[in-house]
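Survey of secondary and tertiary structure
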Amino acid sequence: MEDGEWVLVRHPSEKDSCEPTALDTQTSNALKVRFAGPAKDWTDAIPIGNGRLGAMVWGGVASETLNLNEDTLWTGIPRNYTNSDVPEVLSEVRKLVDDGQYVEATTKGVKLLGDLSEVYQLLGDINLEFDDSHAAYDVETYQRELDLDTATAKVKYSVGEVEFMREHFASNPDQVIVAKISGSKRGSLSFTVAVDSKLHHHSYVNGKNQIIMEGSCPGKRIPPKVNQDDNPKGIQFSAVLDLQISNGVGAIHVLDDKKLRVEGSDWAVMFLVASSSFDGPFTKPVDSKRDPTSECLIALKAIRNFSYADLYARHLEDYQKLFHRVSLHLSKGSKSVRENESSDMKNLLPCAIDVCLEGSGNGIVSTAERVKSFKADEDPSMVELLFQYGRYLLISCSRPGTQVANLQGIWNKDIEPAWECTPHLNINLQMNYWPSLPCNLPECQEPLFDYISFLSVNGAQTAQVNYKASGWVVHHVSDIWAKTSALQGKPVWALWPMGGAWLCTHLWEHYAYTADKGYLEKKAYPLLEGCTSFLLDWLIEGQGGYLETNPSTSPEHDFIAPDGRTASVSYSSTMDMAIIREVFSAVVTAAEVLGKTEDDLIERVRKAQPRLYPTKVAGDGSIMEWAQDFKDPEVHHRHLSHLFGLFPGHTITTEKTPDLCKAAAYTLLKRGEDGPGWSTTWKAALWARLRNSKDAYRMIKHLFILVEPDHDIGFEGGLYSNLFAAHPPFQIDANFGFSAAVSEMLVQSTMRDLYLLPALPRDKWAKGCVKGLKARGGVTVNISWNEGDLQEVGLWSKNQNSVERLHYGGITVPVKMSPGTIYRFDEHLTCVKTYSLEEAGFP
């Protein structure tokens with residue numbers, strides 16, 4: 001049993017609202033994404049995934065499509081990410097910056113850039129064709145939903161007197177996508193199934209009930225187009241669909257050696273497995289020894305003796321072990337809770353959760369309609385749903401051993417997806433993992449740590465050759481081959497060598513939340529050391545005795561130079577300094593934990609820390625984005641780079657830097673509320689860190705805009721009907737940012753301090769309960785509140801001493817927590833009960 005997972009935790013004589021209980025998993029009806037009909041667009045489809053394999057379920061009736069993804073399907077091969085010409089150009093750019101020739105430095109900076117990244121690809125489609133009678137299905141009976149509690153997509157409708165049901169799930173323990181189709185009348189199920197792909201492939205029937213699809217990814221990205229002779233062997237892949245039907249009822253026929261036809265069955269179960277020849281970022285596909293088809297057949301053989309019920313049970317046990325760690329219930333107030341409900345918080349359910357909502361057709365209001373009505377009704381249960389949807393998506397696209405979550409998680413329908421579907425390291429990849437720690441999913445971070453390790457290998461070569469520096473460096477866009485050089489393009493977004501440094505802050509945060517010293521010593525610290533070594537070499541002596549970065553950009557944002565022209569390259573952007581300050585603080589603290597404070601590297605860091613260019617306030621009262629108070633040509637720009645020190649960083653705080661917090665608040669107001677989804681949720685988290693509940697909630701509310709796929713407008717944000725967040729187009733980062741922002745509104749922490757309900761919108765979520773959030777120091781946090789006021793708190797840590805001060809509403813109390821003990825506090829932060837985890841039911 002994991003720390004924070006729900007077990008029966010109740011003293012024999014007690015009935016407590018702040019403790020985890022076996023009965024307190026969130027009511028499943030609250031956690032369903034519902035649809036009024038079959039998908040018309042990809043962003044109407046239902047995403048399922050097991051970390052490595054993903055599918056989008058459209059829910060068509062006469063014909064159905066499941067779009068498939070496998071996370072290692074990319075264009076390209078490993079490459080050289082160095083350029084020996086860069087050092088000379090770097091010297092020229094630095095001189096131009098020193099001379100104040102920022103436009104010329106920007107122009108020259110193009111020569112510091114590298115090649116394009118590679119492109120994430122799709123796997124293919126499962127296509128189902130049903131009898132003509134299905135075209136005349138009863139529209140009133142149609143239901144399609146994603147149940148977050150079970151990670152199951154369901155489709156149900158009736159044709160005449162026959163009810164058809166489809167269930168889809170992606171199993172992590174058995175690495176298979178499973179779909180069961182059934183009819184309520186004996187022998188009523190007939191359909192044809194085929195597997196196809198937009199990639200180069202061929203399909204054939206194997207035996208009497210399998211379809212094998214074998215194909216390859218381009219060895220070079222498209223575009224640019226390549227000639228056959230100039231295209232190296234790319235990643236090879238296979239997918240195998242295995243079809244089983246009811247015993248003794250129905251038959252399977254082979255059509256054209258490519259399709260399977262089911263006739264007159266009661267039910268059918270499809271198992272889809274897939275594999276590729278990808279063998280790590282440093283192995284060329286041509287050298288790979290992996291046999292994807294053989295691996296697929298072995299995977300199918302491993303589940304041969306499991307029934308559908310067995311596979312589903314294994315899937316549920318694996319998934320719910322993670323998902324059930326956190327529950328959230330929000331209500332506008334006691335008046336909105338049904339009268340027959342107990343006031344005990346364990347029974348608190350938001351309005352209209354498990355009742356059939358009024359609406360047209362089958363009587364169930366679609367989630368899309370609820371998004372549209374949010375501006376008027378501000379239904380708190382929609383916040384719960386979107387919060388848990390972010391956790392669902394992270395579990396579904398990032399598991400130990402998988403690839404890192406990309407710009408769309410794992411779900412992609414295009415050969416040429418928007419922004420190549422690559423990991424973007426100037427906010428997007430990092431935001432993908434913001435909820436993993438506070439929302440109690442630390443395992444989901446493991447692919448990120450593996451990825452950082454790969455990046456450090458290539459990044460060491462890039463640092464040495466391109467910058468004559470030690471350590472390792474990564475720029476703002478990477479790919480499955482762990483690209484570390486700057487991207488081809490414009491300096492305004494491509495010339496940014498801080499991607500690896502930002503990622504390293506996640507290494508330290510993982511320790512801060514888990515206190516796993518073995519992880520810190522073996523995994524995190526060596527990577528932190530390498531990153532720090534590069535940063536020390538990258539910093540150069542600047543004016544006024546400060547250490548500066550040159551060249552420097554503020555991601556994707558231009559400025560007006562003193563001569564009136566637009567430029568993007570200068571020195572010591574506020575974000576550069578904030579990230580470096582954060583990494584230096586992390587490595588010094590880590591060295592203290594590990595007894596390495598006398599190391600030469602740590603001595604160098606300590607000498608450098610006071611010389612870092614400080615965060616400054618501009619003449620208008622906002623945080624300066626660049627070292628100079630340049631004029632901003634786009635005051636409503638989507639990036640909040642210069643506020644990194646506030647969130648996700650920790651160098652701007654309400655306790656220690658109130659003046660900078662005041663400037664940060666004005667900066668946020670100046671930026672405005674408009675922007676893409678990820679910008680909206682970053683703003684929510686920033687306002688929350690400022691303890692400003694009104695504006696944090698304003699940004700939460702701002703995300704609830706329904707985006708129609710054929711009318712999406714770039715940079716406007718919003719949500720699609722399946723709750724995917726929009727840039728537009730779809731980027732998954734805002735879904736993760738939303739979950740992180742909500743958790744930040746409810747719990748904030750340092751290694752010593754724990755803040756309860758720091759940005760709770762008391763009038764919007766007047767009554768509520770959250771259980772299972774995590775705080776730094778390995779603390780699990782349960783909180784209940786009523787009419788906006790704290791009611792009860794439960795805290796425990798399994799393995800270490802943690803938390804020295806507890807804060808709520810101006811009250812601060814000293815706390816001494818021992819591992820293995822549950823502590824209950826009342827509304828005055830008085831400890832009213834303690835007992836052991838063993839007594840509470842933990843093993």
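Definitions and cut-offs
- Residues numbered from 1 in each chain as written.
- Predicted model: local features only at pLDDT ≥ 70, side-chain atom pairs only at ≥ 80, totals over all residues.
- Heavy atoms only, no water.
- Helix = DSSP H or I, 4+ residues; strand = E, 2+ residues; numbered from the N terminus.
- Rg over C-alpha atoms; globule rule 2.2 N^0.38 Å.
- Buried < 20%, exposed > 50% of the residue type's maximum accessible area, 1.4 Å probe, protein only.
- Patch = residues over 30% accessible without salt bridge, like charges linked within 9 Å, V, L, I, M, F, W, Y side chains within 5 Å.
- Areas by Shrake-Rupley, 256 points an atom, 1.4 Å probe, with all protein chains shown as cover.
- Salt bridge = Lys/Arg side-chain N within 4 Å of Asp/Glu carboxyl O.
- Pairing = 2+ DSSP bridges.
- Axes fitted to C-alpha atoms, helices over the stretch in contact; angles between N-to-C directions.
- Contact = heavy atoms within 4.5 Å.
- Parallel < 35°, antiparallel > 145°, perpendicular 65-115°, else oblique.
- Left-handed = near helix turned anticlockwise from the far one by under 90°.
- Nonpolar A, V, L, I, M, F, W, Y, C, P; charged D, E, K, R; others polar.
- Expected span 1.5 Å × (residues − 1).
- Arc of directions from axis to C-beta.
- pLDDT = per-residue confidence, 0-100.

Helices and strands together make up the secondary structure of the protein, namely 18 helices and 30 strands. The C-alpha atoms of the protein give 27 Å as radius of gyration, which agrees with the globular expectation for 843 residues (28 Å, within 12%). Seen along its three principal axes, the alpha-carbon backbone of the protein occupies a region of about 85 × 75 × 50 Å. Looking at the protein as a whole, 63% of its 843 residues qualify as buried.

So, about a nonpolar patch on the surface. A contiguous nonpolar surface patch, about 250 Å² in accessible area, is contributed by F282, F454 and V457. Here F454 lies in helix α8 (residues 446-467).

Across the sheet, six strands lie side by side as β17-β24-β25-β26-β29-β30; this open sheet has antiparallel pairing. Here the strands that pair on one side only, and so sit at the sheet edges, are β17 (327-331) and β30 (831-836). Each strand of the sheet is rotated relative to its neighbour by a mean of 15 degrees, with strand direction disregarded. Direction of pairing for strand β24 (residues 767-775) relative to strand β25 (residues 779-786): antiparallel, over a ladder of seven bridges. Bridging from a neighbouring strand, L773 pairs with V781 of β25.

What links the strands of a sheet is backbone hydrogen bonding, and the strands pair in either a parallel or an antiparallel sense. As summarised here, the arrangement of the four strands in space is β22-β23-β27-β28, forming an open sheet in which the pairing is mixed. One side of each edge strand has no neighbouring strand; the edge strands of this open sheet are β22 (747-749) and β28 (811-814). Across this sheet, the average inter-strand angle for adjacent strands is 20 degrees, counted without regard to direction. With three bridges connecting them, strand β23 (residues 753-756) and strand β27 (residues 805-808) associate as parallel partners. Bridge pairing in β27 links Y755 to H807. Each of β22 and β23 is contacted by helix α17 (residues 733-746), which is oriented at about 80 degrees to β22, the strand it contacts most.

What follows concerns the pattern of salt bridges. Per the stated rule, a full pass over the model turns up 41 salt bridges. One connected set of salt bridges, linked through shared partners, spans K32, R34 and E145.

Counting buried positions along strand β13 (residues 236-245) gives eight out of ten residues, so the element sits mostly inside the fold. Alignment of strand β12 (residues 210-216) against β13, held across seven bridges, turns out to be antiparallel. Counterpart to I212 in the pairing with β13 is V240. As defined by bridge partners, β13 adjoins strand β16 (residues 267-276) across nine bridges and the pair is classed as antiparallel.

Another point: the packing of α8 against helix α11 (residues 517-538). At a minimum axis separation of 11 Å, α8 and α11 run at an interaxial angle of 25 degrees. As the angle between them shows, α8 and α11 are arranged roughly parallel. In this structure, α8 meets α11 at a crossing whose hand is left-handed. Here F449, D450, I452, S453, S456, A463 and Y467 of α8 lie close against α11, whose contacting residues are Y519, K523, L527, F534 and W538. Looking at side-chain class alone, the contact of α8 with α11 contains eight nonpolar, two polar and two charged residues.

A few words now on helix α14 (residues 658-671). A rise of 1.5 Å per residue sets the reference length of α14, with its 14 residues, at 20 Å; its end C-alpha atoms lie 20 Å apart and thus fit the reference within 8%. All of the buried residues in α14 are L660, C661, A663, A664, T667, L668 and R671. Seen end-on, α14 carries its buried residues on one side only, within an arc spanning 160 degrees. Opposite the buried face of α14, by more than 90 degrees, sit the exposed residues D659, K662 and L669. Its buried side turned inward, α14 meets α15 (677-689). Downstream of α14 by a residue or two, G672 has a phi angle that is positive, lying close to 85 degrees.

Another aspect to go through is α17. With 14 residues, α17 extends 20 Å between its outermost C-alpha atoms, agreeing within 8% with the 20 Å of an ideal straight helix rising 1.5 Å per residue. Along α17, 14 of the 14 residues are buried, which leaves the element largely enclosed by surrounding structure.

Let's shift gears to unusual backbone geometry. Residue N550 is joined to P551 through a cis peptide bond whose omega torsion reads 5 degrees. At the junction of F647 and P648, the peptide bond is cis and its omega measures out at 10 degrees in the coordinates. Summarising the element assignment, P648 is placed in the loop between α13 (600-608) and α14. One non-glycine residue with positive phi stands out, namely L723, at about 75 degrees. Within the element layout of this structure, L723 appears in the loop between α16 (693-702) and α17. On the basis of relative accessibility, which here comes to 0%, the residue L723 falls in the buried class. The backbone of E787 sits at a positive phi, close to 50 degrees, despite the residue not being glycine. Examined against the element boundaries, E787 turns out to sit in the loop between β25 and β26 (789-797). Assessed through its relative accessible area of 41%, E787 is described here as partly exposed.

It is worth spelling out the pairing of strand β29 (residues 821-826) at this point. Of all the six residues making up β29, six are buried; the element is thus mostly covered by neighbouring parts of the structure. Of the two faces of β29, the one carrying T821, Y823 and F825 and the one carrying I822, R824 and D826 are both buried. In the sheet, β26 pairs with β29 via six bridges, with the strands oriented antiparallel. When the bridges of β29 are listed, E792 appears paired with D826. Where β29 lies against β30, five bridges are found, and the strand directions are antiparallel. Across the sheet, residue R824 finds its bridge partner in β30, namely K833. Connecting β29 to the antiparallel partner β30 that follows it, the hairpin turn spans four residues, and L829 within it adopts a positive phi of roughly 65 degrees.

Here the focus is the confidence of the model for the protein. Averaged over the protein, the pLDDT score is 92; the fraction of residues at 70 or greater is 92%. A low-confidence stretch, residues 1-16 (pLDDT under 50), is modelled with 68 contacts involving residues beyond four sequence positions or located in other chains.

Right, let's get into the environment of Y720. Note on placement: Y720 falls in the loop between α16 and α17. The buried category is assigned to Y720, whose relative accessible area is 3%. Taking the C-alpha atoms as reference points, Y720 and G401, 319 residues apart in sequence, are found 30 Å from one another.

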